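# Chain and residue survey
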Amino acid sequence: MPSIFSRIISGEIPGQIVYRDELVTAFRDINPLAPVHILIVPNTEIATVDDVEAAHEAAMGRMFTAARQIARDLGISESGYRLIVNVKDDGGQEVYHVHMHLLGGKKLGRMLSSE
Ligand code: 5GP
């Protein structure tokens, strides 16, 4: 069964898409944690970073160049932003389709709480 993100990429369910090319698609997170909260997702379904193989390197690299472009388009490239990739249970991954969070538009504070 396709992931929720594959269904957004295919247009089966709606998403606020901000960027799309032949390797990745980016759309607004449904539950934003910052003024800018974008998810950058490979068009090919890969469950977790633990499943990434050499054949995926082009898409993985494109996630970064897309992030740079989206940050510029949304006006946060000068103020800065954070890129996060959660992996599996301890990493807090909820959707098992690799994705990069692009967060910005405010000061994001420390990377992690000290708990
Ligand atoms: P994770 O915890 O897996 O790194 O992040 C999953 C993210 O996907 C969460 O920030 C969550 O808000 C977002 N999300 C879950 N379902 C949907 C959806 O249907 N549409 C969009 N745009 N975002 C979603």
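The text that follows walks through the structure, step by step, so that each part is easy to find. All values reported here derive from a predicted model rather than from experimental measurement. Every residue gets a number counted from 1 within its own chain, in the order that chain's sequence is written. Only residues with pLDDT of at least 70 get local features here, since the model is predicted, and only at 80 or more are side-chain atom pairs given and counted; chain-wide, interface and lining totals rely on the full set of residues. As a rule here, side-chain values cover all heavy atoms of the structure and leave hydrogens and water aside.

So, on to the sheet that holds strand 1 (residues 17-20). Here, any two strands with at least 2 DSSP bridges between them count as paired. The helix and strand labels rest on DSSP assignments: H or I over at least four residues marks a helix, E over at least two residues marks a strand, and numbering proceeds from the N terminus. Taken together, 5 strands build an open sheet; the order of strands is 1-2-3-5-4 and the sheet is antiparallel. Each end of this open sheet is capped by a strand with a single partner; those strands are strand 1 and strand 4 (81-84). Here the strands of the sheet are splayed against their neighbours by 20° on average, with no regard to which way each runs. When strand 3 (residues 36-42) meets strand 5 (residues 100-104), the two strands line up antiparallel, connected through 5 bridges. Within the sheet, the bridge partner assigned to isoleucine 40 lies in strand 5 and is methionine 100. Helix 2 (residues 57-73) contacts strand 1, strand 2 (24-28), strand 3, strand 4 and strand 5 of the sheet and is inclined by roughly 155° relative to strand 3. With axes taken as lines fitted to C-alpha atoms, and helix axes fitted only over the stretch in contact, angles between N-to-C directions fall between 0 and 180 degrees. What makes two residues a contact is simply this: any of their non-hydrogen atoms within 4.5 Å.

If you check the shell around the ligand, you find 16 residues, and the closest are Arg28, Asp29, Glu94, His99 and His101. Side-chain polar atom of aspartate 29 to an oxygen atom of the ligand: 2.5 Å apart, as the coordinates give it. Interatomic distance of 2.9 Å between a backbone N/O atom of valine 95 and an oxygen atom of the ligand. Against a free-state accessible area of 520 Å², the protein chains account for coverage of 84% of the ligand. If you list the elements that add at least two residues to the shell around the ligand, you get helix 1 (4-10) and strand 2. Counting residues per element, the shell around the ligand draws most heavily on helix 1, at 3 residues. Any residue with at least one heavy atom within 4 Å of a molecule or strand is counted as near it. Throughout this description, a polar contact denotes any pair of N or O atoms lying within 3.5 Å of each other; where both atoms belong to protein, one of them has to be capable of donating a hydrogen while the other can accept it, and for residues adjacent in sequence the pair is counted only when both atoms sit in side chains. Reported accessibility uses the Shrake-Rupley method at a 1.4 Å probe radius. Residues are deemed covered only where the shown protein chains occlude them.

Turning our attention to the pairing of strand 5. Where burial is concerned, most of strand 5 is hidden: 5 out of the 5 residues are buried. The side-chain alternation of strand 5 yields two buried faces, one formed by Met100, Leu102 and Gly104 and the other by His101 and Leu103. Pairing between strand 4 and strand 5: 4 bridges, direction antiparallel. Bridge pairing links arginine 82 to leucine 103 in strand 5. Per-residue accessibility, obtained with a 1.4 Å probe over protein chains only, is compared with the maximum for each type, and a residue is labelled buried under 20%, exposed over 50%, and partly exposed between these values.

Another point: the nonpolar core. As used in this record, nonpolar core signifies buried Ala, Val, Leu, Ile, Met, Phe, Trp, Tyr and Cys residues forming a set joined through side-chain atoms within 4.5 Å. One finds Ile38, Ile40, Met63 and Ile70 to be the most contacted residues of the largest nonpolar core, which totals 18 residues. Looking at this core, the elements with two or more residues in it are strand 2, strand 3, helix 2 and strand 5. Sorting elements by how many residues they give to this core places helix 2 first, with 7 residues. Counting residues in each nonpolar core, the second largest holds 6 residues, with Phe5, Ile8, Leu39 and Val41 among its members.

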